[in-house]
Amino acid sequence: MARSRSTSSSIRWRYLNPAYYLKRPKRLALLFIAFVFVSFFVWDRQTIVLKHEEELSMLKEEVERLQNELGELKHEGGVSVKKTNVTTKRIDVTKAGRLAADPIEVERREKVKDAMIHAWSSYEKYAWGNDELQPQSKSGVDSFGGLGATLIDSLDTLYIMGLDEQFQRAREWVANSLDFNKNYDASVFETTIRVVGGLLSAYDLSGDNMFLEKAKDIADRLLPAWDTPSGIPYNIINLAHGNAHNPGWTGGDSILADSGTEQVEFIALSQRIGDPKYQQKVENVISVLNKTFPADGLLPIYINPHRGTTSHSTITFGAMGDSFYEYLLKVWIQGNKTAEVQLYRDMWETSMKGLLSLVRKTEPSSFTYISEKIGNSLIDKMDELACFAPGMIALGSSGYGSADSLKFLNLAEELAWTCYNFYQSTPTKLAGENYFFHSGQDMTVGTSWNILRPETVESLFYLWRLTGNKTYQEWGWNIFQAFEKNSRVESGYVGLKDVNTGVKDNMMQSFFLAETLKYLYLLFSPPSVISLDEWVFNTEAHPIKIVPRLAPGEQRKPNGIRVRARKEGRFGGSRT
């Protein structure tokens, strides 16, 4: 029996000897086929497991998104926004950032982030709590009444860039040191877009209710400015006493942009706290202007706050006119492009017909520009401020039919090329404040200072997002390098007194951190970072979350039931 076991064992072991198969090719082939089949089966199972894990991860993210939306719907029409966990949101932003496979984009994004760190660190060291930094003298200055304008303007930029420690220090200052009870005559427009907008954006990004409470505090102090016979607001108000008036140099008139660029912020505030009074005040302005809205949709820059009618003055998409047209489009986007906000879209499209009547081309290079108008006379001048228009036009082009959509997108690209050449045409490669156009001479710089403005890079950001054309990234990178070469100093960034000579000034504008660096950072970030499907930027580049709209006259009772107050006209004001 022992011998029999030994023989049987040796027979079994021979199947493990390679020489056995070399003498038997058919069995070798069968063994190879079996090996391949088993290997494929194991690989396939591993692939299925990995794919299953990826699907589970995607499903988990989708569930979290739906839970957030459900939370918003439970608040009946967007009266408030469900708070978002800061840590979860930070992971989302960082994760989205890792999706950029292009190493050039990653490198450039980090360079912009380094610039933000340099600007912020200088402000923190030399001007903490002041409105703005004077880098050359290494001192702070209160340009806006001591409201910490640069700090509040920078909150969302710090958050988006993942600068958590800096954001938390800024958050503590807002919570413990920010005081709006100041005997100071504040600009309603500047305070709204910088402070109200900055605080609302910080709230939407972080979910920290402290920011929302501060936004309500300052908005309540601004609200009496709308108490005029027509509802067109005065543009200046004392934050401590509530006395409102207009600047003397306007002859008592209100300014178009200053009066028509609070809608995004005040509508958002009403949505988040459930009080419609803020929304009603700012939407009444649109109702009043719509009564006498001209056929070409172009309004002069001065409005009488007693009669609600315009005065004979300049029509421009530059200073004092610009953001009124921008907010007609953005309130439509903020309102989910629904019938409730269709009037905004209609008014904007009317204004775009008027804009087309101002479009001219230079000789010999055919640069497209937007002229200004007084009465029936055109002025061949364009502000750098008007370089927001290419981005606005591109953003609104998708709301047209296919033919008009292409026409307006092409116009946006032509205007962006002109704005880019505002930069490229100077020795410093930085744009002047405005440009004049003469037959046979293309363009010449007028006012030659540069104060770190964002409008051109804003438009490049929108055009890159909407077209995917990397040319706009290259243009933006060239502009950033010009800022680095000419404006970066030891203690921050400064403007130029003259873009031809490069002589520096002594001011780091708060919008450089709020807008210019943010748009440059997003220009080199994946489109999922602050998606245009989910956010709308106010005119100071503060992203506001798009949530279900609170209809005019609606308010929310504590039990969550919506009620509709009596309303007159479309936006709660009287309208013929």
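Refer to the structure above for everything that follows.
First, a word on scope: everything that follows refers to the structure included in this document. Because the structure is predicted, anything quoted here is derived from the model rather than measured.

### Description of the overall build of the protein
On a plain count of helices and strands, the protein comes out with 19 helices and 20 strands. Here the protein holds 576 residues, and 55% of them are scored as buried. A separation threshold of at least 6 residues defines the contact pool for the protein, and within that pool the share at least 24 residues apart is 69%. When the accessible surface of the protein is summed, it comes to about 24,600 Å², and 54% of that surface belongs to carbon and sulfur atoms.

### Side note on unusual backbone geometry
Residue proline 364 follows glutamate 363 across a cis peptide bond; omega there is 5°. For lysine 429, which is not a glycine, the phi torsion comes out positive at approximately 65°. Along the polypeptide, lysine 429 turns up in the loop between α16 (402-424) and β13 (434-438). For lysine 429, a relative accessible area of 36% gives the class partly exposed.

### Quick word on the side chain of histidine 118
Checked against the element boundaries, histidine 118 lands in helix α5 (residues 103-126). The exposure class assigned to histidine 118 is buried, which follows from its relative accessible area of 15%. For histidine 118, the contacting residues outside a window of four places in its chain are Arg488, Val489, Glu490, Ser491, Gly492 and Tyr493.

### Observations regarding the packing of aromatic side chains
With the rule as written, the count across this model stands at 29 aromatic pairs. Consider the rings of tyrosine 369 and phenylalanine 437, whose centres lie 3.8 Å apart with planes at 10°: the pair is stacked. With a gap of 68 residues between them, tyrosine 369 in strand β9 (residues 368-370) and phenylalanine 437 in strand β13 connect regions that are remote in the sequence. The residues tyrosine 369 and phenylalanine 437 share a single accessibility class, namely buried. Each residue in the set Phe367, Trp417, Tyr420, Tyr472 and Trp475 is aromatic and connected to the rest through ring pairs, giving one cluster. Directly above the ring of tryptophan 332 sits arginine 345, whose terminal nitrogen or CZ lies 4.6 Å from the centroid. The residue whose ring lies beneath arginine 345 is tyrosine 400, and the NZ or CZ to ring-centre distance is 4.8 Å.

### Observations regarding the side chain of aspartate 156
Looking at the secondary structure, you find aspartate 156 in helix α6 (residues 149-160). Only 2.6 Å separates the side chain of aspartate 156 from the side chain of histidine 542, close enough to count as a polar contact.

### Some remarks on the state of the cysteines
For the structure on display, the rule yields one disulfide. The disulfide bridge from cysteine 387 ends at cysteine 419, spanning 2.1 Å between sulfur atoms. One quick way to see it: the torsion about the S-S bond of cysteine 387 and cysteine 419 is about -95°, and its sign makes the bridge left-handed. One end of the pair, cysteine 387, is in the loop between β12 (381-383) and α15 (389-397); the other, cysteine 419, is in helix α16, and 32 residues separate them in sequence. Each member of the pair, cysteine 387 as well as cysteine 419, is classed as buried.

### Thoughts on the packing of α6 against helix α8 (residues 188-206)
The contact between α6 and α8 brings their axes to 7 Å, and the two run at 25°. Judged by the inter-axis angle, α6 sits roughly parallel to α8. Considering only the axes of α6 and α8, their crossing is left-handed. Touching Ile152, Asp153, Leu155, Asp156, Tyr159 and Ile160 of α6 are Arg194, Val195, Gly198, Leu199, Ser201, Ala202, Leu205 and Ser206, all from α8. Each residue belonging to the contact of α6 with α8 can be placed in one class, and the counts come to eight nonpolar, three polar and three charged.

### A look at the nonpolar core
In terms of nonpolar packing, the biggest core is built from 145 residues, with Val174, Leu199, Phe317, Ile393 and Phe422 touching the most fellow members. Residue contributions to this core peak at 10 residues, all from α8.

### Overview of the pattern of salt bridges
If you walk through the whole model with that rule in mind, you get 26 salt bridges. A salt bridge links glutamate 490 to lysine 138, with the shortest nitrogen-to-oxygen separation between them at 3.4 Å. Taken together, the positions of glutamate 490 in the loop between β15 (488-489) and β16 (492-493) and lysine 138 in the loop between β1 (132-134) and β2 (139-141) put the pair 352 residues apart, joining distant regions of the chain. A salt bridge links lysine 277 to aspartate 220; the nearest nitrogen and oxygen atoms lie 3.9 Å apart. Of this pair, lysine 277 sits in helix α12 (residues 277-291) while aspartate 220 sits in helix α9 (residues 209-222), placing them 57 residues apart in sequence. Residue lysine 277 is classed as partly exposed on the basis of its relative accessible area, which comes to 33%.

Procedures and definitions
- Residues numbered from 1 in each chain as written.
- Predicted model: local features only at pLDDT ≥ 70, side-chain atom pairs only at ≥ 80, totals over all residues.
- Heavy atoms only, no water.
- Helix = DSSP H or I, 4+ residues; strand = E, 2+ residues; numbered from the N terminus.
- Buried < 20%, exposed > 50% of the residue type's maximum accessible area, 1.4 Å probe, protein only.
- Contact = heavy atoms within 4.5 Å.
- Areas by Shrake-Rupley, 256 points an atom, 1.4 Å probe, with all protein chains shown as cover.
- Phe/Tyr/Trp six-rings, centres within 6.5 Å; stacked < 30°, edge-to-face > 60°.
- Lys NZ or Arg CZ within 6 Å of the ring centre and 35° of its normal.
- Polar contact = N/O pair within 3.5 Å; in protein donor to acceptor, adjacent residues only side chain to side chain.
- Disulfide = S-S within 2.5 Å.
- Axes fitted to C-alpha atoms, helices over the stretch in contact; angles between N-to-C directions.
- Parallel < 35°, antiparallel > 145°, perpendicular 65-115°, else oblique.
- Left-handed = near helix turned anticlockwise from the far one by under 90°.
- Nonpolar A, V, L, I, M, F, W, Y, C, P; charged D, E, K, R; others polar.
- Core = buried A, V, L, I, M, F, W, Y, C linked by side-chain atoms within 4.5 Å.
- Salt bridge = Lys/Arg side-chain N within 4 Å of Asp/Glu carboxyl O.

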